[in-house]
Amino acid sequence: MNGRTLKSETLSYGTDEAQNLAFSWPADVASPRGIVALIHGGYWRSNLHASLMEPLAASLLENGWAVANIEYRRGAFGRWPAPLEDCRKAMGLIETAKRESSIQGPIISIGHSVGGQLAILTANLADAVVALAPVTDAERTYAEALGENAAHEYFRTSPAETPGIYRQASAVRQLPIRTRTLLIHGANDSRVPIGHSLDYTRAAQAAGSPVYLREYEELGHLEDIDPLAPHWPDVLTWIAGVSPSESDGATGEQEWV
């Protein structure tokens, strides 16, 4: 790929029509600041798509970042662990695109809701992660019937019946992690209550993981993917301070707790 001419293209990382990502290069930029991988949410339902993240993609492009907006298998034809496997493959493709494009900056994952779940679970493939109101505990999501019983609908089984699936799908069960991770969450979020992020952050920090939380008093679940919402300038500032290979929680961390 030639960074000086590339604007936008769809790249496939598998044979399924959902296994693709939209790779975009900021206009009139010879060398982007890095690549941001966007992972959308939707409580594993197939009727919600990567287009949800396009407003954030536009903002990132305006700020000099290359963007990889990831689509992945989900719903009835993408049962777990398909979303996780797909995001791992997509991150591998993004690393290849970075190398072939000679981009020197970091790879940062930004995921929303279930996309936040997937971003954290693939954090070892990024230099830093921003998780917007992430689903960090699939068993708790099931127990609290969040997202109109989304976990029951998607997994088609209970945590008691298949504990291994729920454990694999839960970031809180995969600690510690080494990648710098910033959680963004609104205190008024009803789709994913902020208690999930508070408990995940406490557990992660107790395990020695470089995980931090920025809490907002008023930030609804869908506002997380609105670049005009109050959190977004803070996210842009935070990712601007990330350098490649900072998975060890290097200096410069803004410890928002």
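Our structure is the block above this text.
Presented here is a report on the structure given in the accompanying data block. Given the structure is predicted, the values throughout are model-derived calculations rather than measurements.

Here we look at the overall build of the protein chain
Thinking step 1. A tally of helices and strands in the protein chain yields eight helices and eight strands.
Thinking step 2. Against the globule reference of 18 Å for 257 residues, the protein chain gives a C-alpha radius of gyration of 17 Å, in line with a compact fold.
Thinking step 3. Dimensions of the protein chain, computed from C-alpha atoms along their principal axes, come out at roughly 55 × 40 × 30 Å.
Thinking step 4. Burial analysis of the protein chain (257 residues in total) assigns 56% to the buried set.
Thinking step 5. Put simply, of all contacts in the protein chain between residues at least 6 apart along the chain, 70% involve residues at least 24 apart.
Thinking step 6. Carbon together with sulfur atoms contributes 48% to the accessible area of the protein chain, which is approximately 10,600 Å² in total.

Looking at the pairing of strand β8 (residues 211-216)
In the case of a regular strand, side chains alternate between the two sheet surfaces.
Thinking step 1. When strand β7 (residues 180-186) meets β8, the two strands line up parallel, connected through six bridges. By the bridge assignment, glycine 186 is partnered in β8 with tyrosine 216.
Thinking step 2. Following the chain from β7 across helix α7 (residues 194-206) to the adjacent parallel β8, one finds a crossover that is right-handed.

Description of the nonpolar core
Thinking step 1. One finds Phe23, Trp44, Ile70, Trp80, Ile94 and Phe155 to be the most contacted residues of the largest nonpolar core, which totals 49 residues.
Thinking step 2. In terms of residue count, helix α2 (residues 82-100) provides more of this core than any other element does, six residues in total.
Thinking step 3. Not counting residues within four places of it along the chain, the set of residues in contact with tryptophan 80 comprises Trp44, Gln117, Leu118, Leu121, Tyr154, Phe155, Ile165, Gln168 and Ala169.
Thinking step 4. Among the nonpolar cores identified, the runner-up in size contains 26 residues, and Met53, Ala57, Val130 and Trp232 belong to it.

Observations concerning the sheet that holds strand β1 (residues 8-12)
Thinking step 1. Taken in spatial order, the eight strands of this open sheet run β1-β2-β4-β3-β5-β6-β7-β8, and their pairing is mixed. Looking along the sheet, the strands with just one partner apiece sit at the ends: β1 and β8. Taking the axes of each pair of neighbouring strands and ignoring which way they run, one obtains an average angle of 20° across the sheet.
Thinking step 2. Here four bridges tie strand β2 (residues 20-24) to strand β4 (residues 66-70), and the two strands are oriented antiparallel to one another. Bridge pairing in β4 places serine 24 opposite valine 67.

Considerations on the environment of glutamate 62
Thinking step 1. Mapping glutamate 62 onto the fold places it in helix α1 (residues 54-62).
Thinking step 2. With 34 residues separating them in the primary sequence, glutamate 62 and aspartate 28 have C-alpha atoms 10 Å apart.

Some details on the side chain of aspartate 224
Thinking step 1. Tracing the backbone through its elements, the reader meets aspartate 224 in the loop between β8 and α8 (232-240).
Thinking step 2. For the buried aspartate 224, no salt bridge is present, and the opposite-charge side chain at shortest range is arginine 191, 9.9 Å distant.

Observations regarding the pattern of salt bridges
Thinking step 1. Inspection of every chain in the model, using the stated rule, returns eleven salt bridges.
Thinking step 2. Note that glutamate 148 is salt-bridged to arginine 45, the shortest N-O span being 3.8 Å. Of this pair, glutamate 148 sits in helix α5 (residues 146-155) while arginine 45 sits in the loop between β3 (35-39) and α1, and the two are 103 residues apart along the sequence.
Thinking step 3. Relative accessible area serves as the criterion here: at 16%, arginine 45 is assigned to the buried category.
Thinking step 4. Of the charged contacts in the structure, one is a salt bridge between glutamate 153 and arginine 45, with a shortest N-O distance of 3.0 Å. One end of the pair, glutamate 153, is in helix α5; the other, arginine 45, is in the loop between β3 and α1, with 108 residues separating them in the sequence.

Things to note about the packing of aromatic side chains
Thinking step 1. Across all of its chains, the model carries seven aromatic pairs by this definition.
Thinking step 2. Pairing tyrosine 43 with tryptophan 44 gives two aromatic rings, centres 5.9 Å apart and planes at 55°, and the pair type is tilted. The pair formed by tyrosine 43 and tryptophan 44 is uniform in burial state, with each residue classed as buried.
Thinking step 3. Each member of the aromatic cluster is reached from another via a ring pair, and the members are Tyr43, Trp44, Trp80, Tyr142, Tyr154, Phe155 and Tyr166.
Thinking step 4. In this structure, arginine 74 packs its charged tip against the face of tyrosine 72, placed 5.8 Å from the ring centre.

A few points about α1
Thinking step 1. Those residues of α1 lying buried are Leu56, Ala57, Ser59 and Leu60. Across the axial projection of α1, the buried residues extend over an arc of 165°, all falling on one side.
Thinking step 2. Residues of α1 that are buried make contact with β3, β4, β5 (107-112), β6 (128-132) and α8.
Thinking step 3. One or two positions beyond α1, positive phi appears at glycine 64, with a value near 90°.

What counts, and at which threshold
- Residues numbered from 1 in each chain as written.
- Predicted model: local features only at pLDDT ≥ 70, side-chain atom pairs only at ≥ 80, totals over all residues.
- Heavy atoms only, no water.
- Helix = DSSP H or I, 4+ residues; strand = E, 2+ residues; numbered from the N terminus.
- Rg over C-alpha atoms; globule rule 2.2 N^0.38 Å.
- Buried < 20%, exposed > 50% of the residue type's maximum accessible area, 1.4 Å probe, protein only.
- Contact = heavy atoms within 4.5 Å.
- Areas by Shrake-Rupley, 256 points an atom, 1.4 Å probe, with all protein chains shown as cover.
- Pairing = 2+ DSSP bridges.
- Right-handed = clockwise from strand over helix to strand, strands pointing away.
- Core = buried A, V, L, I, M, F, W, Y, C linked by side-chain atoms within 4.5 Å.
- Axes fitted to C-alpha atoms, helices over the stretch in contact; angles between N-to-C directions.
- Lys, Arg positive; Asp, Glu negative; His and termini not counted.
- Salt bridge = Lys/Arg side-chain N within 4 Å of Asp/Glu carboxyl O.
- Phe/Tyr/Trp six-rings, centres within 6.5 Å; stacked < 30°, edge-to-face > 60°.
- Lys NZ or Arg CZ within 6 Å of the ring centre and 35° of its normal.
- Arc of directions from axis to C-beta.

All we've got here are geometric facts, nothing functional implied.
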